[in-house]
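# Summary of structural features
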Amino acid sequence: MAIETLTFGCRLNAYEAEVMKSEAEKAGLDNAVIINTCAVTAEAVKQAKQAVRKARRDHPDARIIVTGCAAQTEARSFGDMAEVDLVIGNEDKMRSESYQPMVFGVPLNDKVQVNDIMSVRETAGHLIEGMDGRARAFVQVQNGCDHRCTFCIIPFGRGPSRSVPMGAVVDQVKKLVSNGYREVVLTGVDVTSYGPDLPGNLTLGKLTQAILRHVPDLPRLRISSIDSIEADEALYDAMASDRRLMPHLHLSLQSGDDMILKRMKRRHSRDDALAIVAKLRSLRPDMVFGADIIAGFPTETEEMFENTLRIVGEADLTYLHVFPYSPREGTPAARMPQVSKAVARDRAALLRAEGDRQFAKLCRSRVGQTENVLIERNGMGRTEQFVPVHVPDAQPGELLTVRIGDVTNEGLVGEALQHAA
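Residues numbered from 1 in each chain as written. Predicted model: local features only at pLDDT ≥ 70, side-chain atom pairs only at ≥ 80, totals over all residues. Heavy atoms only, no water.

### Quick notes on the nonpolar core
Generally speaking, soluble globular proteins have nonpolar side chains that are buried together. The biggest cluster of nonpolar side chains holds 53 residues, and the ones touching the most others in it are Val 173, Ile 211 and Leu 317. Once residues within four sequence positions are removed from consideration, Leu 317 is found in contact with Leu 251, Leu 253, Phe 289, Ala 291, Ile 311, Val 312 and Gln 358. In terms of nonpolar packing, the next biggest core, distinct from the first, is built from 23 residues, Val 45, Val 52, Met 81 and Ile 153 among them. (Core = buried A, V, L, I, M, F, W, Y, C linked by side-chain atoms within 4.5 Å. Buried < 20%, exposed > 50% of the residue type's maximum accessible area, 1.4 Å probe, protein only. Contact = heavy atoms within 4.5 Å.)

### Side note on the sheet that holds strand β16 (residues 388-390)
Taken in spatial order, the five strands close into a barrel running β14-β15-β16-β18-β17, and their pairing is mixed. Looking at each pair of strands side by side, their axes are set apart by 55° on average, direction ignored. For strand β14 (residues 370-377) and strand β15 (residues 380-382), the ladder comprises three bridges, and the chain directions are antiparallel. Across the sheet, Arg 377 pairs through a bridge with Met 380, a residue of β15. Lying over the sheet, helix α12 (residues 341-366) contacts β14, β16, β17 (399-407) and β18 (412-419), oriented at roughly 110° with respect to β17. (Pairing = 2+ DSSP bridges. Helix = DSSP H or I, 4+ residues; strand = E, 2+ residues; numbered from the N terminus. Axes fitted to C-alpha atoms, helices over the stretch in contact; angles between N-to-C directions.)

### Let's talk about the packing of aromatic side chains
The final tally for this structure, using the stated rule, is four aromatic pairs. With 5.5 Å between their ring centres and 70° between their planes, Phe 297 and Tyr 325 make a pair best called edge-to-face. Remark: Tyr 325 occurs in the loop between β13 (317-324) and α12 and Phe 297 occurs in the loop between β12 (288-295) and α11 (302-314); sequence separation between them is 28 residues. In this structure, Phe 297 and Tyr 325 share a single accessibility class: buried. Relative to Phe 386, the ring of Tyr 319 has its centre 6.3 Å away and its plane inclined at 80°; by these criteria the two rings are edge-to-face. With a gap of 67 residues between them, Tyr 319 in strand β13 and Phe 386 in the loop between β15 and β16 connect regions that are remote in the sequence. Here Phe 386 falls in the buried class, since its relative accessible area comes to 10%. (Phe/Tyr/Trp six-rings, centres within 6.5 Å; stacked < 30°, edge-to-face > 60°.)

None of this, on its own, says anything about what the molecule does.
This is how it looks when you write it as structure tokens:
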């Protein structure tokens, strides 16, 4: 076999998996499975270990390499697995020398190659030709996080916030557009913290404006999850002035209750979140918002949860990523008075049901409308607001003007009218 990658977690991991595969091939590695892990929850770590065992069963003669956030934060627990040949830290996984075949066959105590991620101060831009099987491509603009939310282990897996130089990002986007990609997604661990570590007083908004200015042939630019309190005026200006910046943002909201937000050590309030949503909608009335929300955070009362449930409708949130809280060892929240797992699960179910209602409402509002849809695979594509649409006989990579005719449980069904401009 050649090199197989298994990726868990965020969009940034999806991007990094492409770089890792390229770097490993450059190093001459073959007959290997690289597992790029996530550490956001204890369940994510458990799933990664299950994937390691399955990879060994399916490929008994392959080299099994584990990397990613869980490998960084729990290196020894993966190194102690008999199925694992090598554990590589988050920073070194992007370097070809980490995959040199000569590093294999070392004694058990030496197979964990994980350095101190907190000492890393720079992030290089990695030029990739594209992403297998995707009409959209992700571009890493930032890595790491300087914040210390009480529930989160990720800063210890990713290290401090560091930005990719603007020129490298623009070059990457140009290369992807020249290779036929119609949409680029800017991604990172905390993308709205982009810029302060670079010369020139840069921000995410200024980076966004530079991409739109210097890559005029890019049809669609999208930003992944943002910490809304960090959004800068240049980002608002870009959203208002250039239709190529997609009217869809995913908010790192986490809660709709001020006391819980304070105990999470978030930097926004409930009113801040509502004000930012209102401001963006005043600039782009077609804006659609998703949000990450944690249900059952320690000390969350029924009244506090109701505040979170209500903000879904008040902010008109549509795409909810809901997580029942689970304690991560080493975080302050794990030492707080816990809400029972059953209550957290029940609250998560209520939030997901509300999210489903919101999504169905959005879909119904689009029937009879025309939408620009980028086709990804099997006739499925996404509108500018990220709503999935089935367009019969459409081909991957096509950007089509589509009349919406019906709603399904998965999204919309439409008929192609013409190629979008």
